[in-house]
Amino acid sequence: MYAPSLLDPAAEELKLADVIGHGATGVAREARTLLGERFSSVTFMYVLMRAFEVEYTAARDASRWHEFHGGPYALSDADLEKLLAPWLSR
């Protein structure tokens, strides 16, 4: 796990980025760009909670997005959009 001091700048940049109109998948892809090699399901959870005040359980569920890993519990793009809509539409 990375120290918050390494992830907070990316969370702040994500918060300030013009990604709200791009939906949850756009936010996830921007987070990937900002975090670079540090991008993982865990760091994605962290920046979601910091940048958009996503509650822990929703961020945890978002970490199952199919672009992190597959399997029967992976979230599709549509599932991710629906899950994060309450925080990204503010």
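Everything below is about the structure shown above.
What you see is a predicted model, and the numbers here were worked out from it, not measured in a lab.

## Re the packing of helix α2 (residues 23-35) against helix α3 (residues 41-52)
Part 1 of the reasoning: With their axes 11 Å apart at the nearest point, α2 and α3 run at an angle of 110° to one another. Judged by the angle between their axes, α2 and α3 are roughly perpendicular. Together, Val27, Ala28, Ala31 and Leu35 of α2 and Thr43, Phe44, Val47, Leu48 and Phe52 of α3 make up the contact between the two elements.
Part 2 of the reasoning: A breakdown of the residues in the contact of α2 with α3 according to their chemical character gives 8 nonpolar, 1 polar and no charged.

## So, the side chain of Ser63
Part 1 of the reasoning: Residue position: Ser63 is located in the loop between α4 (56-62) and α5 (77-88).
Part 2 of the reasoning: Here Ser63 falls in the buried class, since its relative accessible area comes to 10%.
Part 3 of the reasoning: Those residues in contact with Ser63 that lie beyond four places of it in its chain are Ser41, Met45, Phe68 and His69.

Conventions we followed
- For every chain, the first residue of its written sequence is number 1, and the numbers climb from 1 along that sequence.
- The predicted nature of this model means local features are confined to residues of pLDDT at least 70 and side-chain atom pairs, given and counted, to a pLDDT of 80 or more, with totals for whole chains, interfaces and linings taken over all residues.
- Hydrogens and water are ignored here; the side-chain numbers use all heavy atoms of the structure.
- Only the contacting stretch of a helix is used when fitting its axis, a line to C-alpha atoms as for every element, and angles between N-to-C directions run 0 to 180 degrees.
- Secondary structure elements are taken from DSSP: a helix is a run of H or I of four residues or more, a strand is a run of E of two residues or more, and numbering for both begins at the N terminus.
- Roughly parallel here means an angle under 35 degrees, roughly antiparallel means over 145, roughly perpendicular means 65 to 115, and every remaining angle is called oblique.
- Contacts between residues were defined by any pair of non-hydrogen atoms, one from each residue, lying within 4.5 Å.
- Basically, the charged four are Asp, Glu, Lys and Arg, the nonpolar ten are Ala, Val, Leu, Ile, Met, Phe, Trp, Tyr, Cys and Pro, and anything else, Gly included, counts as polar.
- Each residue's exposure class comes from its accessible area (1.4 Å probe, protein chains only) as a fraction of the maximum for that residue type: buried when under 20%, exposed when over 50%, partly exposed otherwise.

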